[in-house]
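Structural characterization, general
Chain by chain, the residues:
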Amino acid sequence: GESVGLHLPTLSVQEGDNSIINCAYSNSASDYFIWYKQESGKGPQFIIDIRSNMDKRQGQRVTVLLNKTVKHLSLQIAATQPGDSAVYFCAPLLGSSNTGKLIFGQGTTLQVKP
Amino acid sequence: EAQVTQNPRYLITVTGKKLTVTCSQNMNHEYMSWYRQDPGLGLRQIYYSMNVEVTDKGDVPEGYKVSRKEKRNFPLILESPSPNQTSLYFCASSSRTNEKLFFGSGTQLSVL
């Protein structure tokens, strides 16, 4: 079946450093991708999305890079803060927007050290 | 404030006792969905609804029912809960199917 894998289950960074969270997906037909942040005891929160006709998209302190050739995307967080500590997971869309489904990975836990 | 509201937040029940987890959104979203989250398995879709009176099975629908009589509400029904349905449940909604899903805060269900 389809799969989504993140390269590291846990990432520990120093406050103020940049964080890079990686995600690999299996289906080359995926054309839409979402990154979510899930803090302890809360539901997933939308961070940023990107379509396959782009290879980079920037938000506030976050950048998503998409490499369709190797089926890989990454989430970069600039100047990581303690409030960024959470589980991050990517969700490629498998199929069309109307009939497909989002495939959620298991997530990378980001730990920010003060 | 735009939000997806689930109730209850925590629920402990016994095998076979019917229960309903409510979900309501105030964003006039057409698309709503239920997920369960289990350690090591990530988020798995149970049921989804693309509009009022339109529901469809997700990846793990067995043992669950849903209804969509109104646009804002999408309750999840467990007619006869079993211990393997112990999980963390999330309701989500979006204006367009599968895009920018807004999630509720979750319902932690324990079936004894």
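Residues numbered from 1 in each chain as written. Chains lettered and ligands numbered in written order. Predicted model: local features only at pLDDT ≥ 70, side-chain atom pairs only at ≥ 80, totals over all residues. Heavy atoms only, no water.

1. With respect to a nonpolar patch on the surface
A cluster of nonpolar side chains, Ile12, Val14 and Leu112 of chain B, forms an exposed patch at the surface whose accessible area comes to about 330 Å². Inspection of the secondary structure assignment puts valine 14 of chain B in the loop between β2 (10-13) and β3 (19-25). (Patch = residues over 30% accessible without salt bridge, like charges linked within 9 Å, V, L, I, M, F, W, Y side chains within 5 Å. Areas by Shrake-Rupley, 256 points an atom, 1.4 Å probe, with all protein chains shown as cover. Salt bridge = Lys/Arg side-chain N within 4 Å of Asp/Glu carboxyl O. Helix = DSSP H or I, 4+ residues; strand = E, 2+ residues; numbered from the N terminus.)

2. A short note on the state of the cysteines
Structurally, a disulfide amounts to a covalent bond that connects the sulfur atoms of two cysteines. Applying the stated criterion across every chain, the model contains two disulfides over all chains. Each sulfur in the disulfide pair cysteine 23 of chain A and cysteine 90 of chain A lies 1.6 Å from the other. Residue cysteine 23 of chain A is found in strand β3 (residues 19-25), and its partner cysteine 90 of chain A is found in strand β9 (residues 86-94); the two are separated by 67 residues along the sequence. According to the relative accessible area criterion, cysteine 90 of chain A is buried, its value standing at 0%. Note that cysteine 23 of chain B is cross-linked by a disulfide to cysteine 91 of chain B, the S-S spacing being 1.9 Å. The sign of the -75 degrees torsion about the S-S bond sets the cysteine 23 of chain B-cysteine 91 of chain B disulfide as left-handed. Here cysteine 23 of chain B is found in strand β3, whereas its partner cysteine 91 of chain B is found in strand β9 (residues 87-94), with 68 residues between them in sequence. (Disulfide = S-S within 2.5 Å. Buried < 20%, exposed > 50% of the residue type's maximum accessible area, 1.4 Å probe, protein only.)

3. Description of the packing of aromatic side chains
Residues and elements named next belong to chain B. Under the counting rule described, the total for this entry stands at twelve aromatic pairs over all chains. Measuring from ring centre to ring centre gives 5.7 Å for tyrosine 35 and phenylalanine 103, while their planes differ by 45 degrees; the resulting arrangement is tilted. Of this pair, tyrosine 35 sits in strand β4 (residues 31-38) while phenylalanine 103 sits in strand β10 (residues 102-103); the two residues are 68 residues apart in sequence, bridging distant segments of the chain. Residue class for tyrosine 35 comes out buried when judged on its relative accessible area of 1%. By relative accessible area, phenylalanine 103 is classed as buried at 11%. A centroid spacing of 5.8 Å and a plane angle of 65 degrees characterise the contact between tyrosine 64 and tyrosine 89, whose relative ring orientation is edge-to-face. (Phe/Tyr/Trp six-rings, centres within 6.5 Å; stacked < 30°, edge-to-face > 60°.)

4. With respect to the pattern of salt bridges
Counting across every chain of the model gives ten salt bridges over all chains. Across the salt bridge formed by lysine 42 of chain A and glutamate 39 of chain A, the nearest N and O atoms sit 3.9 Å from each other. A residue is classified by how much of its surface remains accessible, and lysine 42 of chain A, at 45% relative accessible area, is partly exposed. Using a relative accessible area of 24% as the deciding quantity, one classes glutamate 39 of chain A as partly exposed. Two residues, glutamate 99 of chain B and arginine 96 of chain B, come together in a salt bridge whose shortest N-O distance is 3.9 Å. By relative accessible area, which is 10% here, glutamate 99 of chain B ends up buried. A network of salt bridges, in which partner residues are shared, links Arg51 of chain A together with Arg96 and Glu99 of chain B.

5. What to know about the sheet that holds β3 of chain B
Residue and element names in this part refer to chain B. As summarised here, the arrangement of the four strands in space is β1-β3-β8-β7, forming an open sheet in which the pairing is antiparallel. Among the strands making up the open sheet, the edge pair consists of β1 (4-7) and β7 (65-66). The sheet contact formed by β7 and strand β8 (residues 76-78) spans two bridges and is antiparallel. Bridging across to β8, valine 66 finds its partner in leucine 76. (Pairing = 2+ DSSP bridges.)

6. As for the interface of chain B and chain A
Contacts between the two partners involve 20 residues from chain B and, on the opposite side, 22 residues from chain A. Roughly 1,600 Å² is buried in total at the junction of chain B and chain A, and carbon and sulfur atoms are behind 47% of that figure. The largest contributions to the chain B side of the interface with chain A come from Leu43, Asn98 and Lys100 of chain B, which together make up 33% of the buried area. Scanning the region where chain B abuts chain A turns up two salt bridges. With a shortest N-O distance of 2.8 Å, arginine 51 of chain A and glutamate 99 of chain B are connected by a salt bridge. Applying the counting criterion to the chain B and chain A interface returns six residue pairs in polar contact (both at pLDDT 80 or more). For the side of chain B that touches chain A, the elements supplying multiple residues, two or more each, are β4 and β5 (42-51) of chain B. (Contact = heavy atoms within 4.5 Å. Buried area = accessible area lost by both parts, 1.4 Å probe. Polar contact = N/O pair within 3.5 Å; in protein donor to acceptor, adjacent residues only side chain to side chain.)

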